[in-house]
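Next come the chains, spelled out residue by residue.
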Amino acid sequence: MNQFSVPESIVDSVESLRMTNTSTQIFFELLVLSGSQTATIDREKEFIIWLAQHDQNCVGRGNVGFDMDEMPWTEEDFYPMKKFLLETIEGAMLKTGWAILNYEPSVQWSNITFQHFYQMIESFEQKHVNSQNYLEWITPYEGDEVPTIPEGYPMCNQHSVYLSCFGCIICNSL
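Scanning the protein chain for helices and strands turns up six helices and three strands. Order of helices (α) and strands (β) in the protein chain, N terminus to C terminus: β-β-α-α-α-β-α-α-α. Along the first, second and third principal axes, the C-alpha atoms of the protein chain reach 40 × 40 × 30 Å. Among the 174 residues that make up the protein chain, the fraction classed as buried is 50%. Nonlocal contacts in the protein chain, meaning residues at least 24 apart in sequence, comprise 69% of its contacts between residues at least 6 apart. Total accessible area on the protein chain is roughly 8600 Å²; 47% of this is exposed by carbon and sulfur atoms. If you average the places of the 8 positive and of the 24 negative side-chain charges in the protein chain, the two averages end up 7 Å apart.

In structure tokens:
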């Protein structure tokens with residue numbers, strides 16, 4: 001089970017989101033598919049790569065939950081990135097990229113889950129941002145063979161999604 005938690009100050013307006021391991025994998029795949037189709041600037045691509053790094057096939061099942069403030073937010077571009085993420089969620093609900101999947105996600109599950117996540121992002125405010133999380137995420141660690149953000153923002157040739165340090169989130173599920 002994975003949990004995506006909201007800050008304590010907004011827990012009364014929107015609940016955290018909990019999902020099974022299988023649902024979590026589908027959730028991230030659909031977000032990465034959607035966002036990879038619409039990301040144009042580097043910061044948008046970074047958000048999609050951050051999502052793609054939550055690949056349970058590489059990190060381990062049940063280990064990809066997060067607190068909303070752990071996302072790669074910065075105070076400087078909070079509002080454009082929030083707008084991009086909301087558009088990415090909308091794209092996932094509109095089945096953006098689903099045609100390349102070797103399975104058919106449940107539309108009902110998708111709509112309920114992404115509407116909930118949309119509310120979470122919508123409720124998240126700039127005052128909740130901890131830019132230190134972004135700085136730590138982009139800082140290479142000594143001994144890392146692959147950078148956190150692959151140089152040049154490469155995409156999978158087969159699935160047209162941004163690659164994370166673990167490769168393609170869709171390929172890793174096959």
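Moving on, we come to the nonpolar core. Among the nonpolar cores identified, the biggest contains 52 residues, and Phe27, Leu51, Met68, Met71, Trp73, Phe117 and Ile121 are the most heavily contacted of them. Those elements that provide at least two residues to this core are strand S2 (17–19), helix H1 (21–38), helix H2 (42–52), helix H4 (78–93), helix H5 (107–123) and helix H6 (131–138). For Met71, the contacting residues outside a window of four places in its chain are Phe47, Trp50, Leu51, Phe66, Leu85, Phe117 and Ile121.

Using the criterion set out here, one finds four salt bridges in the structure. Close ionic contact of Lys83 with Glu87 constitutes a salt bridge, the shortest N to O distance being 2.9 Å. Placement of the pair is Lys83 and Glu87 together in helix H4, with a separation of four residues, close to one helical turn. You can call Lys83 exposed: its relative accessible area is 51%. Look at Glu87 and you get partly exposed, because its relative accessible area is 38%.

Taken in spatial order, the three strands make up an open sheet running S2-S1-S3, and their pairing is mixed. The open sheet has two free edges, formed respectively by S2 and strand S3 (66–67), since each of these has just one partner strand. Sheet topology places strand S1 (residues 2–5) next to S3; two bridges connect them, and they run parallel. Its bridge partner lying in S3, Phe4 is registered against Phe66. The strands that H5 touches are S1, S2 and S3; relative to S2, the one it contacts most, it runs at about 145°.

By the definition in use, this model includes 15 aromatic pairs. Ring geometry for Trp50 against Phe66: centres 5.0 Å apart, planes inclined by 80°, an arrangement best described as edge-to-face. Highlighted residues: Trp50 in helix H2 and Phe66 in strand S3, separated in sequence by 16 residues. For Trp50, a relative accessible area of 5% translates into the label buried.

Conventions we followed
Residues numbered from 1 in each chain as written. Predicted model: local features only at pLDDT ≥ 70, side-chain atom pairs only at ≥ 80, totals over all residues. Heavy atoms only, no water. Helix = DSSP H or I, 4+ residues; strand = E, 2+ residues; numbered from the N terminus. Buried < 20%, exposed > 50% of the residue type's maximum accessible area, 1.4 Å probe, protein only. Contact = heavy atoms within 4.5 Å. Areas by Shrake-Rupley, 256 points an atom, 1.4 Å probe, with all protein chains shown as cover. Lys, Arg positive; Asp, Glu negative; His and termini not counted. Charge placed at Lys NZ, Arg CZ, Asp CG, Glu CD. Core = buried A, V, L, I, M, F, W, Y, C linked by side-chain atoms within 4.5 Å. Salt bridge = Lys/Arg side-chain N within 4 Å of Asp/Glu carboxyl O. Pairing = 2+ DSSP bridges. Axes fitted to C-alpha atoms, helices over the stretch in contact; angles between N-to-C directions. Phe/Tyr/Trp six-rings, centres within 6.5 Å; stacked < 30°, edge-to-face > 60°.

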